[in-house]
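Commentary on secondary and tertiary structure
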Amino acid sequence: MGANRFLDPGSASARLFEEARRFIPGGTSKANFDVRPHPFYFVSGHGCRVLDADGVERLDALNNFTALIHGHAFEPVTRRVSEQLARGTAFAASTPEEIALARLLVDRVPGVEQIRFGNSGTEAVMMAIKAARAFTGRDRIAKFEGAYHGYYDDVQVSFNSGPGNWGSPEEPASVPSSGGVPKHRVLETLVLPWNDTEATERLLTRFRNEVAAVLVDPLANRMGFIPPAPGFLDHLRRVTRSLGILVIFDEVISFRVSYGGAQERYGGEPDLTAFGKIIGGGFPVGATGGRADVMAVFDPTTDGPRIASGGTFSANPVSMTAGLATLAALDRDGFARLEAMGARLRAGLGAVLATSGVPGVVMGDTSLFRFVMTADAPRTYRDTVEPVAGRRLSRLFMHMLDAGVLIGANGLGCLSTPMGDREIDEIVEAAGRALHALRREA
Ligand SMILES: Cc1ncc(COP(=O)(O)O)c(C=O)c1O
């Protein structure tokens with residue numbers, strides 16, 4: 001029998017779900033596992049292993065949606081956080097831990113001269129957008145089709161559009177990707193086609209006096225990790241500079257790709273950057289950093305357009321301490337090791353896919369990977385939206401779970417530092433078994 005015991009009607013997960021759905025819509029506050037007839041529940045995690053409520057341990061190749069770069073219960077984090085818990089968890093003023101994490105990020109990330117903390121990636125993107133608006137005096141935001149940036153109204157646009165509503169490839173329609181977003185907010189967001197230099201320049205030029213910033217995830221997960229085409233980010237930077245439009249990088253996931261983040265690896269010279277996930281070391285966090293003159297909009301002591309901001313738990317010393325312990329344990333050699341492991345993993349997965357008879361490719365860079373179950377590597381978000389490929393991906397996810405490896409239901413996966421060659425082989429072997437099972441279903 002495989003590992004998917006949670007699917008049994010009498011499983012602990014089934015019982016938890018029955019209880020959970022009385023109090024929580026759908027039985028979960030987590031968004032991404034739409035598993036029928038019920039989701040699974042986790043009870044603990046150590047290193048790169050996670051235990052579900054039915055006593056099944058799996059290799060965790062998702063790491064809380066890429067947020068845990070050292071896996072679960074990383075000793076330097078648990079030790080430093082325990083010490084911090086004894087000293088207090090939240091105060092009405094800043095702490096030295098906040099300053100230390102700010103300094104570390106400013107030192108590491110090329111485009112960050114000043115930084116300010118919040119509690120989630122969504123909040124970080126929101127702060128960056130507000131900063132861009134206050135600084136430029138313009139209202140509209142541009143984003144790329146297929147890219148997910150959290151659940152602030154302005155960006156819940158065109159990350160899951162489809163052939164029925166997405167408009168022309170050169171001028172993608174602005175489509176709501178969620179209920180609850182006011183129509184005028186959706187229409188205010190300008191949607192751009194990724195890696196299409198000419199169309200992007202044309203659209204930005206047309207709306208030159210209205211657009212405050214272009215939001216860019218240089219390695220966008222929901223888009224299928226399609227990397228920036230050579231010269232695309234440089235061109236975007238030249239065009240935006242000439243039009244007085246700011247560039248915001250969303251590095252909530254892609255900060256993971258190197259010591260200095262995605263901007264160090266791919267270039268692009270953003271004015272502002274949104275962070276989240278790994279910089280909190282497993283605790284809730286978000287941060288917005290960038291050029292000092294733009295970040296000055298958050299400074300209550302200066303004149304000019306100011307943003308009223310600040311959250312009750314922003315920069316709490318627990319998240320700051322966990323983030324510090326996490327990043328301090330990741331030097332350039334640590335990133336190089338993750339990068340080499342990721343290359344080995346993607347090569348291994350590519351090889352099993354090629355011999356499996358199942359159409360599919362593996363995308364990603366450094367410690368990030370993603371299955372896209374189309375015959376050829378996608379060049380645009382639209383290439384990834386194929387109903388058959390989507391169904392294949394859902395089945396692959398379930399078979400991977402059954403083979404003992406957790407990835408995202410959308411094919412997303414990532415590595416953590418407790419993994420080594422043995423775990424890479426384990427993921428590749430599990431994928432081989434999962435693809436075999438998938439092939440037999442066809
Ligand atoms: C690229 C990107 N931006 C923003 C967010 C939102 O972050 P959070 O879930 O912490 O609000 C996410 C979340 O997955 C993300 O992947």
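Shown above is the structure to which this text applies.
Cut-offs used in this document
Residues numbered from 1 in each chain as written. Predicted model: local features only at pLDDT ≥ 70, side-chain atom pairs only at ≥ 80, totals over all residues. Heavy atoms only, no water. Core = buried A, V, L, I, M, F, W, Y, C linked by side-chain atoms within 4.5 Å. Buried < 20%, exposed > 50% of the residue type's maximum accessible area, 1.4 Å probe, protein only. Helix = DSSP H or I, 4+ residues; strand = E, 2+ residues; numbered from the N terminus. Contact = heavy atoms within 4.5 Å. Near = heavy atom within 4 Å. Polar contact = N/O pair within 3.5 Å; in protein donor to acceptor, adjacent residues only side chain to side chain. Areas by Shrake-Rupley, 256 points an atom, 1.4 Å probe, with all protein chains shown as cover. Nonpolar A, V, L, I, M, F, W, Y, C, P; charged D, E, K, R; others polar. Axes fitted to C-alpha atoms, helices over the stretch in contact; angles between N-to-C directions. Parallel < 35°, antiparallel > 145°, perpendicular 65-115°, else oblique. Left-handed = near helix turned anticlockwise from the far one by under 90°. Pairing = 2+ DSSP bridges. Phe/Tyr/Trp six-rings, centres within 6.5 Å; stacked < 30°, edge-to-face > 60°.

Brief notes about the nonpolar core
- Membership of the largest hydrophobic core comes to 99 residues, with the highest contact counts inside it found for Phe-117, Leu-204, Ile-279, Phe-371, Met-373 and Ile-427.
- Of all the elements, helix H15 (residues 421-441) adds the most residues to this core, at eight residues.
- Among residues more than four places away in sequence, those in contact with Met-373 are Leu-353, Val-358, Pro-359, Gly-360, Ala-389, Arg-392, Leu-393, Leu-396, Leu-435 and Leu-438.
- Judged by nonpolar contacts, the second largest core, of 23 residues, contains Ile-141, Ala-212, Leu-272 and Met-295.

Considerations on the site of the ligand
- Taken together, the neighbourhood of the ligand is formed by Ser-120, Gly-121, Thr-122, Tyr-148, His-149, Gly-150, Asp-217, Asp-250, Val-252, Ile-253 and Lys-277.
- With respect to the ligand, the backbone of Gly-121 contributes an N or O atom lying 2.8 Å from an oxygen atom.
- Contacts to the ligand include Asp-250, whose side-chain N or O atom sits 2.7 Å from a nitrogen atom.
- Protein chains bury 81% of the 390 Å² of accessible surface belonging to the ligand in isolation.
- Considered class by class, the residues forming the shell around the ligand number three nonpolar, five polar and three charged.

Notes on the packing of helix H12 (residues 332-356) against H15
- At a closest axis distance of 9 Å, the pairing of H12 and H15 adopts a crossing angle of 20 degrees. Considering their axes alone, H12 and H15 lie roughly parallel with respect to each other. At the point where H12 passes H15, the crossing takes the right-handed sense. Contact residues: H12 offers Met-341, Arg-344, Leu-345, Gly-348, Leu-349, Val-352, Leu-353 and Ser-356, while H15 offers Asp-421, Ile-424, Asp-425, Ile-427, Val-428, Ala-431, Gly-432, Leu-435 and Arg-439.
- When grouped by side-chain class, the residues that make up the contact of H12 with H15 number ten nonpolar, three polar and four charged.

Quick word on the sheet that holds strand S10 (residues 286-290)
- Here seven strands make up an open sheet; going across it, the order is S4-S10-S9-S8-S7-S5-S6 and the pairing mixed. Across the chains shown, the open sheet's two edge strands, defined by having one partner strand only, are strand S4 (114-118) and strand S6 (190-192). With strand direction ignored, the average angle separating the axes of adjacent strands in the sheet is 20 degrees.
- Where strand S7 (residues 211-216) and strand S8 (residues 246-250) come together, four bridges link them in parallel fashion. Looking at the pairing, Ala-213 lines up with Leu-246 of S8.
- Most of the contacts of helix H7 (residues 197-206) go to S6, to which it runs at about 165 degrees, and overall it touches strand S5 (140-144), S6 and S7.

Describing the packing of aromatic side chains
- What the rule picks out here adds up to ten aromatic pairs.
- Between the aromatic rings of Phe-144 and Trp-194, the centroid separation amounts to 5.1 Å while the plane-to-plane angle is 80 degrees, which identifies the pairing as edge-to-face. Of this pair, Phe-144 sits in strand S5 while Trp-194 sits in the loop between S6 and H7, placing them 50 residues apart in sequence.
- When its relative accessible area of 2% is taken as the criterion, Phe-144 is described as buried.
- Residue classification places Trp-194 among the buried residues on the basis of a relative accessible area of 6%.
- With centroids separated by 5.2 Å and ring planes inclined at 85 degrees, the aromatic side chains of Phe-255 and Phe-275 adopt a geometry described as edge-to-face. Of this pair, Phe-255 sits in the loop between S8 and helix H9 (261-266) while Phe-275 sits in strand S9 (residues 272-275), and the two are 20 residues apart along the sequence. For the pair formed by Phe-255 and Phe-275, the shared burial category is buried.
- Through a chain of ring-to-ring contacts, the aromatic side chains of Phe-6, Phe-40 and Phe-42 assemble into a single cluster.

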